[in-house]
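Listed below are the residues making up each chain.
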Amino acid sequence: MEEIVRLSEIFSDSVCFVEQTLFGHKRVNAILGVYVAFTMYLSSIIKPGLDIYSMAKPLAKWKVWLYWLFAGLWGGHWEYLNIKIEEKSSYKGIWISISLFSIIVILILLSYKLFESQFIVVTILLYLLLFINVICGIGRISYSTNKFNARYYRRYIDTDLILNNEKLNVDRWIKDFSSRMKKFGENLRIANAIVEDKEYGYEDADTSFFKNLATFGNYNKLQREKSRLKFLAETSVALQDEIKRNKNIQGVLEIYLDCYRAAAYRNISLCKELLGLLKIVEGQKQSVIKDVSIEIPQYTILDSTKFTSFRSVDFDTESFSKGVMSSVEQVSKSLSDIQNRGDSITKADLTCSLVEIGLTAVGEGISGIIDLNTETTNQRAEVNHKIAEVTDSLETLVPQLNIYRAKFLRQIEVLVSLKEMNSAFIKVYEPLRKGVFNDEGGYTKSYNYFIASDHFKKQLGILVSLCSAYSKINKSSQ
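Residues numbered from 1 in each chain as written. Predicted model: local features only at pLDDT ≥ 70, side-chain atom pairs only at ≥ 80, totals over all residues. Heavy atoms only, no water.

## Topic: the overall build of the protein chain
Counted only if it meets this: Under the DSSP-based scheme used, a helix requires at least four consecutive residues in state H or I and a strand at least two consecutive residues in state E, with every element numbered from the N terminus. The cut-offs for exposure are 20% and 50% of the maximum accessible area for each residue type, with area from a 1.4 Å probe on protein chains only; residues under the lower value are buried, those over the upper are exposed, and the others partly exposed. Every residue pair with non-hydrogen atoms within 4.5 Å of one another is taken to be in contact. Per-residue accessibility takes into account occlusion by the displayed protein chains alone, with areas from the Shrake-Rupley method and a 1.4 Å probe.
Within the protein chain, the secondary structure is distributed over 15 helices and zero strands. Looking at the 478 residues of the protein chain, the share that counts as buried comes to 38%. When contacts within the protein chain are restricted to residue pairs at least 6 apart in sequence, those whose partners lie at least 24 apart make up 82%. As presented, the protein chain carries roughly 27900 Å² of accessible surface, and 59% of it is formed by carbon and sulfur atoms.

Put into structure tokens, the structure is as follows:
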């Protein structure tokens with residue numbers, strides 16, 4: 001009874017302390033609010049580094065303690081240990097939401113007078129947060145971290161899929177990647193054929209017999225060269241688009257490689273851990289291999305409209321018509337003047353008029369043909385210059401892209417090898433893990449007998465062989 005009275009007095013004193021000391025300090029509360037927001041933001045930045053798919057080493061307890069020290073009041077350490085891999089929310093996620101909501105309520109109630117018993121509410125919430133997040137955190141962090149490592153470090157996240165021989169996300173991605181690289185190779189072969197075949201695209205040219213005749217064969221040559229330039233420019237733009245798409249593919253490939261490199265390091269460490277239980281000397285020290293990012297070939301961005309937009313080369317019928325019509329008007333005016341003078345238009349007058357119109361038409365026609373030839377010659381020079389420019393660019397780019405693709409294919413070979421090795425390791429290691437370790441981060445009751453069995457030693461020998469194969473893959477891909 002005395003204990004209950006004593007606890008009641010402590011609670012009453014706490015309520016008074018909250019009301020008389022903590023209430024009304026809006027600036028302090030604002031600072032606390034900024035502190036909570038900052039630590040939440042810091043958590044969102046740091047936590048992505050805790051990727052359970054690429055855990056090369058177990059989670060260090062000091063990191064969780066650091067979270068407890070700086071963000072323990074709102075449950076930052078629980079957030080760090082909370083891995084969201086399922087649709088449903090975990091109990092940690094639910095409690096973190098409650099903690100954050102409680103912090104907001106506390107800050108509001110300590111800033112404004114809203115109702116009579118608000119300081120009792122604040123005191124209860126503070127005690128609740130201090131007890132569960134701070135005090136319980138002291139006793140649970142070590143246990144929770146061990147359990148976390150048992151669940152996500154010793155046991156690979158895709159273990160169930162591997163044991164059931166089901167397809168992994170990486171399997172589907174590799175299939176899409178292989179299809180993508182096959183299409184990429186076909187596009188490079190087409191581009192190479194276009195560059196090497198100097199007459200590629202000629203058959204699609206829009207030719208004209210009469211314009212070609214008037215330009216002594218140059219018009220059709222120009223049209224064929226324009227058609228080839230169009231194909232070259234479209235090929236160059238298509239390869240540029242291919243490079244942009246492959247940038248995204250390369251990013252995903254590097255992520256998968258990092259994950260499986262980390263898995264290789266982890267698997268070797270897990271094998272050594274089992275060997276250590278047998279008092280066997282550890283082997284050569286391993287480190288996580290980092291793949292060198294494939295250098296993307298540099299290219300000049302080409303504007304297809306710039307390389308394929310030319311003024312149409314045509315006979316200037318407008319100028320020809322104006323010249324002839326002007327001559328006709330002058331002849332008509334001359335004949336009208338003869339009639340106005342009262343004279344009759346003779347056959348000689350008509351003949352002279354027709355000759356004048358004919359000479360004008362011939363002169364305008366020759367002038368138009370000369371302009372047509374001049375424009376054709378000028379455009380041919382410009383088109384051939386641009387053909388040479390695009391061809392030089394493609395002759396440099398296509399071999400680089402072939403090397404780029406070959407490096408891609410080599411890295412995918414490494415990824416496939418690491419994936420297969422990881423699956424093989426998991427299938428052998430998982431039964432050993434269940435026999436030695438429990439799901440709480442400790443050992444099973446009969447792990448000593450299990451380790452001493454011939455079956456354990458035989459399976460451990462297989463793991464050692466797999467780890468040796470890991471080393472060969474690492475050396476071959478460096």
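Picking up where we left off.
## Observations regarding the side chain of Arg 180
The residue Arg 180 is located in helix H8 (residues 169–196) in this model. When residues no more than four places from it in sequence are discounted, the contact partners of Arg 180 are Asn 187, Glu 242, Arg 245, Asn 246 and Ile 249.

## A look at the pattern of salt bridges
For the record, the criterion: Salt bridge, as used here, is a side-chain nitrogen of Lys or Arg placed within 4 Å of a carboxyl oxygen of Asp or Glu.
Within the structure shown, the criterion is met by eight salt bridges. Between Glu 420 and Lys 419 there is a salt bridge, with the nearest N and O atoms lying 2.8 Å from each other. Residue classification places Lys 419 among the buried residues on the basis of a relative accessible area of 7%. Measuring nitrogen to oxygen at the nearest pair gives 2.8 Å for the salt bridge that ties Arg 433 to Glu 430. One end of the pair is Arg 433 and the other is Glu 430, both in helix H13 (residues 347–436) and three residues apart, which spans about a single turn. When sorted by exposure, Arg 433 lands in the same class as Glu 430, which is buried.

## Topic: the packing of aromatic side chains
Heads up, the condition is: Paired rings are identified among Phe, Tyr and Trp, the last through its six-membered ring, by centres lying within 6.5 Å, and are further divided according to the angle between planes into stacked (under 30 degrees), edge-to-face (over 60) and tilted (the rest). Remark: a charge is flagged as sitting over a ring if the NZ atom of Lys or the CZ atom of Arg is within 6 Å of the ring centre and within 35 degrees of the ring normal.
If you walk through the whole model with that rule in mind, you get twelve aromatic pairs. Seen in terms of ring centroids, Trp 173 and Phe 177 are 5.1 Å apart; in terms of plane orientation they differ by 25 degrees. Their pairing is stacked. Separated by four residues within a single helix, Trp 173 and Phe 177 lie in helix H8, roughly one turn from each other. Judged by its relative accessible area of 2%, Phe 177 is buried. Looking at Arg 154, its charged tip hangs above the ring of Phe 437, at a distance of 3.8 Å from the centre.

## Observations concerning the nonpolar core
Basically, it comes down to this: Each nonpolar core is a collection of buried residues, namely Ala, Val, Leu, Ile, Met, Phe, Trp, Tyr and Cys, held together in the definition by side-chain atoms within 4.5 Å.
Trp 173, Leu 274, Leu 415, Phe 425 and Leu 463 are the most contacted members of the largest nonpolar core, which has 72 residues in total. Residue assignment for this core shows that the elements contributing at least two residues are helix H3 (61–71), helix H4 (76–81), helix H6 (118–152), H8, helix H10 (218–277), H13, helix H14 (447–451) and helix H15 (454–476). In terms of residues, this core owes the most to one element, H13, which gives 20 residues. The next biggest cluster of nonpolar side chains, apart from the first, holds 18 residues, and it includes Val 15, Val 18, Trp 78 and Leu 110.

## Some remarks on the packing of H3 against H6
The relative placement of two packed helices is expressed as an angle between their axes plus a distance between the axes. How we decide: Fitted lines through C-alpha atoms serve as axes, helices being fitted only where they are in contact, and the angles separating the N-to-C directions of these axes extend from 0 to 180 degrees. Oblique is the label for any angle not covered by the other classes, which are roughly parallel (under 35 degrees), roughly antiparallel (over 145) and roughly perpendicular (65 to 115). Two helices cross in a left-handed way if the nearer one is turned anticlockwise from the farther one by less than a right angle. They cross in a right-handed way if the turn is clockwise.
Where H3 contacts H6, the axes come no closer than 10 Å and their chain directions differ by 160 degrees. Comparing their axes, H6 and H3 come out roughly antiparallel. The hand of the H3/H6 crossing is right-handed. Contacts from Lys 61, Val 64, Trp 65 and Trp 68 of H3 reach H6 at Asn 133, Val 134, Gly 137, Ile 138, Ile 141, Ser 142, Thr 145 and Asn 146.

## What about helix H5 (residues 91–109)?
Selection rule: What a helix is expected to span follows from its residue count: subtract one and scale by 1.5 Å.
Its 19 residues place the ends of H5 27 Å apart at the C-alpha level, agreeing with the 27 Å of an ideal helix rising 1.5 Å per residue. Among all positions in H5, only Lys 92, Gly 93, Trp 95, Ile 96, Ser 99, Leu 100, Ser 102, Ile 103, Ile 106, Leu 107 and Leu 109 are buried.

## Here's the deal with H6
For an α-helix, the turn length of 3.6 residues means that residues three or four places apart are oriented alike. Heads up, the condition is: At any given residue, the bend is defined as the angle formed between two axes, one fitted to the seven residues that end at that position and one fitted to the seven that begin there.
If you check H6, its first and last C-alpha atoms are just 43 Å apart, much less than what 35 residues at 1.5 Å a residue would give, namely 51 Å. The principal kink in H6, of about 65 degrees, is found at Gly 137.

## Looking at the environment of Ile 426
Looking at the element boundaries, Ile 426 is found in helix H13. Owing to a relative accessible area of 3%, Ile 426 belongs among the buried residues under this scheme. Distance from Ile 426 to Asp 158, taken between C-alpha atoms, is 9.3 Å for residues 268 residues apart in sequence. When neighbours within four sequence positions are excluded, Ile 426 is seen to be in contact with Tyr 156, Thr 159, Ile 162, Leu 163 and Pro 431.

## Some remarks on the packing of helix H1 (residues 2–22) against H6
Convention followed: Residue polarity is assigned by list, with Asp, Glu, Lys and Arg as charged and Ala, Val, Leu, Ile, Met, Phe, Trp, Tyr, Cys and Pro as nonpolar; anything else, Gly included, falls into the polar class.
Direction vectors running N to C along H1 and H6 enclose 110 degrees, while the axes themselves pass 9 Å from each other. Here H6 runs roughly perpendicular to H1, going by the angle between their axes. The chirality of how H1 crosses H6 is right-handed. On H6, the residues touching Ile 10, Phe 11, Ser 14, Val 15, Val 18 and Glu 19 of H1 are Phe 119, Ile 120, Val 122, Thr 123, Ile 124, Leu 126 and Tyr 127. Split into classes, the residues belonging to the contact of H1 with H6 amount to ten nonpolar, two polar and one charged.

## Quick look at the confidence of the model for the protein chain
For clarity, the threshold we go by: Values of pLDDT, ranging from 0 to 100, describe the predictor's confidence in every residue of the model.
In this model, the protein chain carries a mean pLDDT of 74, and residues with pLDDT of at least 70 account for 71%. Across the protein chain, the secondary-structure element scoring lowest on mean pLDDT is helix H11 (residues 304–308), at 46, and the one scoring highest is helix H7 (residues 159–163), at 90. Segment residues 280–294: pLDDT under 50, and 30 contacts once partners within four positions in sequence are set aside and those in other chains are kept. Between residues 353–369, whose pLDDT stays under 50, and residues either more than four places distant or in other chains, the model counts 22 contacts.

## A few points about a nonpolar patch on the surface
Stated precisely, the cut-off is as follows: Any residue with relative accessible area above 30% and no salt bridge may belong to a patch, with like charges joined within 9 Å and the nonpolar Val, Leu, Ile, Met, Phe, Trp and Tyr side chains within 5 Å.
The grouping of Ile 104, Ile 108, Tyr 112, Leu 114, Phe 115 and Val 121 at the surface amounts to a nonpolar patch, some 540 Å² of accessible area in total. Among the secondary structure elements, Ile 108 is positioned in helix H5.

## Describing the environment of Ser 144
Here Ser 144 is to be found in helix H6. In this structure the C-alpha to C-alpha distance between Ser 144 and Glu 440, which are 296 residues apart in sequence, comes to 8.3 Å. When near neighbours in sequence (up to four residues on either side) are disregarded, Ser 144 contacts Trp 78 and Leu 81.

## Observations regarding unusual backbone geometry
At Asn 165, a position not held by glycine, the phi torsion is positive, near 55 degrees. Within the element layout of this structure, Asn 165 appears in the loop between H7 and H8.

## Some words on the environment of Gln 118
Stated formally: Polar contact is the term for a pair of N or O atoms within 3.5 Å; when the atoms are in protein, one must be able to donate a hydrogen and the other to accept it, and sequence-neighboring residues count only if both atoms are side-chain atoms.
Considering the arrangement of structural elements, one finds Gln 118 in helix H6. In this structure the side chain of Gln 118 is engaged in a polar contact, spanning 3.0 Å, whose partner is the backbone nitrogen of Phe 115.

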